[in-house]
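Notes for the structure review
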Amino acid sequence: MTKSSRTRRLSPLLAALVLAACSRGAEEQPAPTPPPASEATAPSPDPIGGTVGGDGSAIELQVLTAEDLNAETLPGELACSFARADDGVLLLVRGDVASGEAAVGVVKVSGYVERVAAPGGFDAMLEGASFAGQGKTVAVEVTGQATGGGESPPRPATLTYQRADGASRVFDGLWTCGP
């Protein structure tokens with residue numbers, strides 16, 4: 001038997017011994033106590049629908065008000081909107097049919113109305129799209145069939161807001177496109 005084959009045979013045995021020793025040591029140590037509130041770090045994000053990554057600051061999207069929308073001039077003949085089921089519109093985007101011009105929209109983040117755009121006009125955003133703006137990307141993904149009838153039935157969708165620092169947050173809601 002060569003030295004390398006003996007080492008290979010002993011390696012699993014040594015690994016088992018090390019694991020056993022580590023687990024016994026962990027049993028003997030007292031459970032850690034949480035730090036006092038004064039020493040606590042920033043709260044961890046809510047794992048369901050909360051902000052993940054980035055500098056630790058939360059991504060807060062607010063409902064667009066009539067005043068917000070009246071203050072913005074969005075070109076385009078038709079629109080798509082993303083709304084949470086229990087709230088109002090979080091994203092509104094307008095574009096022209098059969099156009100190479102960008103669809104342009106707005107989202108309200110931490111109290112500020114910010115513009116976003118995606119190439120391809122209205123037609124390119126019917127099934128969802130990725131909209132870019134200064135320091136952000138807003139992606140809408142349609143996740144199901146239309147939930148109603150008519151010319152512009154809403155469809156279940158997710159909106160993922162991602163900041164330049166890598167933070168992101170996902171919202172569930174409805175994507176509606178039409179007149």
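Just above, that's the structure.
So, here is what we can say about the structure in this document.

1. Details of the side chain of serine 81
Note that serine 81 resides in strand 2 (residues 78–83). In contact with serine 81, other than residues within four places in its own chain, are Val89, Leu91, Leu92, Leu174, Trp175 and Thr176.

2. Considering the side chain of aspartate 68
Mapped onto the secondary structure, aspartate 68 falls in helix 2 (residues 66–70). Look at aspartate 68 and you get buried, because its relative accessible area is 13%. Beyond its immediate sequence surroundings of up to four residues, aspartate 68 is in contact with Val63, Lys108 and Val113.

3. Brief notes about the nonpolar core
Within soluble globular proteins, side chains that are nonpolar tend to cluster in buried spots. Counting residues in hydrophobic clusters, the biggest one holds 27 residues, and the most contacted among them are Leu61, Phe82, Leu91, Met125, Phe131, Leu159 and Trp175. The contact partners of leucine 159, leaving out residues within four places of it in the chain, are Leu61, Phe82, Leu91, Val138, Ala139, Val140, Arg169, Val170 and Phe171. Ranked by size, the runner-up nonpolar core spans six residues in total, among them Leu64, Leu74, Ala79 and Val106.

4. Describing the state of the cysteines
Linking two cysteines covalently through their sulfur atoms gives a disulfide. Within this structure, the stated rule accounts for one disulfide. Each sulfur of the disulfide joining cysteine 80 and cysteine 177 lies 2.0 Å from the other. Between cysteine 80 and cysteine 177 the sulfur-sulfur dihedral comes to about 115°; the bridge is accordingly right-handed. Of this pair, cysteine 80 sits in strand 2 while cysteine 177 sits in strand 9 (residues 168–178), and the two are 97 residues apart along the sequence. Each member of the pair cysteine 80 and cysteine 177 is classed as buried.

5. So, the pattern of salt bridges
Applying the stated criterion to the full structure yields six salt bridges. In this structure, glutamate 72 engages arginine 115 in a salt bridge whose closest nitrogen and oxygen atoms are separated by 3.2 Å. Of this pair, glutamate 72 sits in the loop between helix 2 and strand 2 while arginine 115 sits in strand 5 (residues 112–118), placing them 43 residues apart in sequence. With a shortest N-O distance of 3.1 Å, arginine 155 and glutamate 127 are connected by a salt bridge. Of this pair, arginine 155 sits in strand 8 (residues 155–163) while glutamate 127 sits in the loop between strand 5 and strand 6 (130–133); the two residues are 28 residues apart in sequence, bridging distant segments of the chain. Relative accessible area serves as the criterion here: at 19%, arginine 155 is assigned to the buried category. For glutamate 127, a relative accessible area of 53% translates into the label exposed.

6. Comments concerning unusual backbone geometry
Despite not being glycine, alanine 98 shows a phi value in the positive range, around 50°. Within the fold, alanine 98 resides in the loop between strand 3 (89–95) and strand 4 (103–109). Look at alanine 98 and you get exposed, because its relative accessible area is 68%.

7. As for the packing of aromatic side chains
Inspection of the entire model under this criterion finds one aromatic pair. Taking the centre distance of 6.4 Å and the plane angle of 50° together, the rings of phenylalanine 131 and tryptophan 175 count as tilted. Of the two residues, phenylalanine 131 sits in strand 6 while tryptophan 175 sits in strand 9, which places them 44 residues apart along the sequence. Judged on exposure class, the residue phenylalanine 131 and its partner tryptophan 175 are both buried.

8. Things to note about the environment of threonine 143
For threonine 143, the location among the structural elements is in the loop between strand 7 (136–142) and strand 8. Overall, threonine 143 belongs to the partly exposed group, its relative accessible area being 48%. Separated by 16 residues in sequence, threonine 143 and glutamate 127 have C-alpha atoms that sit 9.4 Å apart. Here threonine 143 is in contact with Pro156, Ala157 and Thr158, once residues within four sequence places are set aside.

Calculation criteria
Residues numbered from 1 in each chain as written. Predicted model: local features only at pLDDT ≥ 70, side-chain atom pairs only at ≥ 80, totals over all residues. Heavy atoms only, no water. Helix = DSSP H or I, 4+ residues; strand = E, 2+ residues; numbered from the N terminus. Contact = heavy atoms within 4.5 Å. Buried < 20%, exposed > 50% of the residue type's maximum accessible area, 1.4 Å probe, protein only. Core = buried A, V, L, I, M, F, W, Y, C linked by side-chain atoms within 4.5 Å. Disulfide = S-S within 2.5 Å. Salt bridge = Lys/Arg side-chain N within 4 Å of Asp/Glu carboxyl O. Phe/Tyr/Trp six-rings, centres within 6.5 Å; stacked < 30°, edge-to-face > 60°.

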